[in-house]
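Coordinate inspection notes
Spelled out from the first residue to the last, the chains are:
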Amino acid sequence: MNAVPESVTTLFPTVDPCHFWLVGGAVRDQLLGLDRDDCDVVAMVSPEELIAAGFRSVVSRSGQTVWIRAVSDVGQVEITTITSPADLHAELSRRDLTVHAMAVGSDGTLIDPFNGARDCHDRCIRVVHERSFYDDPVRVLRALRLCAHGFSLEQGTRRQLEEVEWDRALSDVPIERLSREFLKALAAPYPERFLKEMLDCSLGREFLPEWFVMQGIPAGPPEKHPEGSLANHVLLVLEQLATLTDDPLARFCAFGHDLGKCCTDPVSYPRHIGHDLAGVALARVLCDRLKLPVTYREALMGVCRWHTLMNRWDELRDETRLKVAYAAKRGGFYHLLPLVSQADTGRQADTRSWEAAGRAVSASAGMLGVSEEQLMACPPDKRGGLLMKARTAWFRDYLHGGSD
């Protein structure tokens, strides 16, 4: 197996390479045949040597010092120090899961005291010891995140997740750490499995309350939504979207596209009239609570607002199509909206007309055949209408050869 990259060990010219061990997810991913863009290392090096090599120290939640630096051909490198090779076993025993409690020595030998290789082969999620989750509650989300990579919870580990009130412990964790696990799960091959396990283990209710509310809400009229609950609908949409793109932002929008249905008065069930507009405010609340980037907030607000019209794209009037495309371009979710709609409906909107609408709403006045003199002669409050009329004419001409 591959050991610690030479580009890392050469940063310490006076340290024997046999005093470095590759550990954690990097070893797991090697066994799974996956690429990895970071590197977790245990090493017998001094703080002075680490500082000289450009590493900076960070104190983890457990109080352990970790040294971090980016290395160009490896990615982020995290080094935990030990004073003797005999300390390696104790260091591995502090890891959360057996598939993370392995090491590879400089000669490529696998060191596997907790049978992590077997659990990798079996795609099994098993805690190293009964205190694993208590040492850092975020590990419970990390375990569920592995479900999104095709792993399954071992029975004893599942029991520990289900029987302990982890939400209370998670409430003390900075929300950014929880959000990071959520987004990593969304980027995994099977993001819907992470969310399903959250429900099955009743884990994350305070972190993501909207998700648990969706369990008790009908997705819509049974003839259109035989899947039943809104939660089931979201799982299906997310599963479908995962086959279309690995973009975590698109998958996040798929998760939240129907947030507005959480506002529907139960008297109106199973219909959700106006849920597109209602979802805008809820999207803002969700993203602000999770402290997500502005791009996530704006994209989800836009997808909530416009996805119902996008779902009917082929039925819309040309003016309405341009209105949808304009909002998507301006809001930065132009590439996301048709993907979420396709996953939501099972139908792909006409790509040619969507791209034409995007070009029409991005075109300058001159490209639309509107001169500067025409614009200046038009009252300011009428110029938008003048340009929209020109955009519609351009759009129709492109699609229909000038016909209505």
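Note: the structure precedes this text.
For the structure given in this document, a descriptive report is provided here. Every value quoted in this text rests on a predicted model; they were computed, and no experiment measured them. (Residues numbered from 1 in each chain as written. Predicted model: local features only at pLDDT ≥ 70, side-chain atom pairs only at ≥ 80, totals over all residues. Heavy atoms only, no water.)

It is worth spelling out the overall build of the chain at this point. For the chain, the count of helices and strands is 21 helices and nine strands. Here the C-alpha coordinates of the chain stretch approximately 80 × 50 × 35 Å along the principal axes. Relative to its 404 residues, the chain shows a buried fraction of 49%. The long-range share in the chain, meaning contacts at least 24 apart out of those at least 6 apart in sequence, stands at 65%. When the accessible area of the chain is evaluated, it comes to approximately 19100 Å², of which 50% is carbon and sulfur surface. (Helix = DSSP H or I, 4+ residues; strand = E, 2+ residues; numbered from the N terminus. Buried < 20%, exposed > 50% of the residue type's maximum accessible area, 1.4 Å probe, protein only. Contact = heavy atoms within 4.5 Å. Areas by Shrake-Rupley, 256 points an atom, 1.4 Å probe, with all protein chains shown as cover.)

What follows is about the sheet that holds strand S5 (residues 75-81). Read from one edge of the open sheet, seven strands run S3-S4-S5-S2-S1-S6-S7, paired in mixed fashion. Two strands lie at the open edges of the sheet, namely strand S3 (56-59) and strand S7 (110-111), each paired on one side alone. The sheet contact formed by strand S1 (residues 20-23) and strand S6 (residues 103-104) spans two bridges and is antiparallel. Among the inter-strand pairings, Leu22 is bridged to a residue of S6, identified as Val104. Of the strands in this sheet, S1, strand S2 (38-43), S6 and S7 touch helix H2 (residues 25-32), which is tilted by about 65° from S1. (Pairing = 2+ DSSP bridges. Axes fitted to C-alpha atoms, helices over the stretch in contact; angles between N-to-C directions.)

This next bit is on the packing of aromatic side chains. Per the counting criterion, the structure on display carries 14 aromatic pairs. Relative to Trp354, the ring of Trp313 lies with its centre 5.1 Å away and its plane at 80°, an arrangement referred to as edge-to-face. In this pair, Trp313 sits in the loop between helix H16 (294-310) and helix H17 (318-331) while Trp354 sits in helix H19 (residues 351-362), placing the two residues 41 residues apart along the sequence. Sitting over the ring of Trp306, Arg305 keeps its end group 4.1 Å from the ring centre. (Phe/Tyr/Trp six-rings, centres within 6.5 Å; stacked < 30°, edge-to-face > 60°. Lys NZ or Arg CZ within 6 Å of the ring centre and 35° of its normal.)

For the rest of this paragraph, the subject is helix H15 (residues 275-290). Here H15 spans 22 Å end to end across 16 residues, near enough to the 22 Å set by a 1.5 Å rise per residue. Considering only its buried residues, H15 is in contact with helix H10 (175-186), helix H12 (209-213), helix H14 (248-256) and H16. Directly after H15, the chain includes Lys291, whose backbone phi takes a positive value near 55°. (Expected span 1.5 Å × (residues − 1).)

What follows concerns the pattern of salt bridges. What the rule picks out here adds up to 23 salt bridges. The salt bridge involving Glu181 is made with Arg145; its shortest N-O contact spans 2.6 Å. Of the two residues, Glu181 sits in helix H10 while Arg145 sits in helix H7 (residues 138-147), which places them 36 residues apart along the sequence. Judged by its relative accessible area of 15%, Arg145 falls in the buried class. (Salt bridge = Lys/Arg side-chain N within 4 Å of Asp/Glu carboxyl O.)

Attention now moves to H7. Counting buried positions along H7 gives nine out of 10 residues, so the element sits mostly inside the fold. Among the residues of H7, Val138, Arg139, Val140, Leu141, Ala143, Leu144, Arg145, Leu146 and Cys147 are the ones counted as buried.

Neither face of S1 is left uncovered, since the one carrying Phe20 and Leu22 and the one carrying Trp21 and Val23 both have all their residues buried. In the sheet, S1 pairs with S2 via four bridges, with the strands oriented antiparallel. By the bridge assignment, Val23 is partnered in S2 with Asp40.

This next bit is on the environment of Ala357. Structurally, the position occupied by Ala357 is in helix H19. Along the chain, Ala357 and Leu322 lie 35 residues apart, while their C-alpha atoms are 5.6 Å from each other.

Before going further, it helps to spend a moment on the environment of His19. Within the secondary structure, His19 is located in the loop between helix H1 (6-9) and S1. Note on His19: relative accessible area 24%, which makes it partly exposed. Counting along the chain gives 63 residues from His19 to Ile82, while the straight-line C-alpha distance between them is 9.4 Å. Setting aside its immediate chain neighbours within four residues, His19 contacts Val42, Ala43 and Met44.

Two elements in contact, H16 and H17, have axes separated by 10 Å at closest approach and are oriented at 170°. With respect to their mutual orientation, H16 and H17 come out roughly antiparallel. Between H16 and H17 lies a crossing of left-handed hand. Contacts between H16 and H17 pair Glu298, Trp306, Leu309 and Met310 from the former with Thr320, Lys323, Val324, Ala327 and Gly331 from the latter. For the contact of H16 with H17, the per-class residue count stands at five nonpolar, two polar and two charged. (Parallel < 35°, antiparallel > 145°, perpendicular 65-115°, else oblique. Left-handed = near helix turned anticlockwise from the far one by under 90°. Nonpolar A, V, L, I, M, F, W, Y, C, P; charged D, E, K, R; others polar.)

Within the largest apolar cluster, 111 residues are counted, with the highest numbers of intra-cluster contacts made by Ile79, Phe182, Leu195, Leu208 and Trp211. Sort the elements by how many residues they give to this core and H16 lands first, with nine residues. Setting aside chain neighbours within four positions, we find Ile79 in contact with Phe12, Val41, Ala43, Val45, Leu50, Phe55, Thr65, Val66 and Trp67. Formed by 11 residues, the second largest nonpolar core is a distinct cluster that contains Val23, Leu88, Leu92 and Phe114. (Core = buried A, V, L, I, M, F, W, Y, C linked by side-chain atoms within 4.5 Å.)

Turning our attention to the pairing of strand S4 (residues 65-71). In regular strands, side chains alternate between the two faces of the sheet. The pairing of S3 with S4 spans four bridges and is classified as antiparallel. Its bridge partner lying in S4, Ser57 is registered against Trp67. As defined by bridge partners, S4 adjoins S5 across five bridges and the pair is classed as antiparallel. The partner of Ile68 across the bridge, within S5, is Glu78.

Time to look at the side chain of Glu210. Among the structural elements, Glu210 can be located in helix H12. Judged by its relative accessible area of 12%, Glu210 falls in the buried class. Here the side chain of Glu210 touches Arg289 through a polar contact of 2.7 Å, side chain to side chain. (Polar contact = N/O pair within 3.5 Å; in protein donor to acceptor, adjacent residues only side chain to side chain.)

Purely geometric numbers; function is a separate question.
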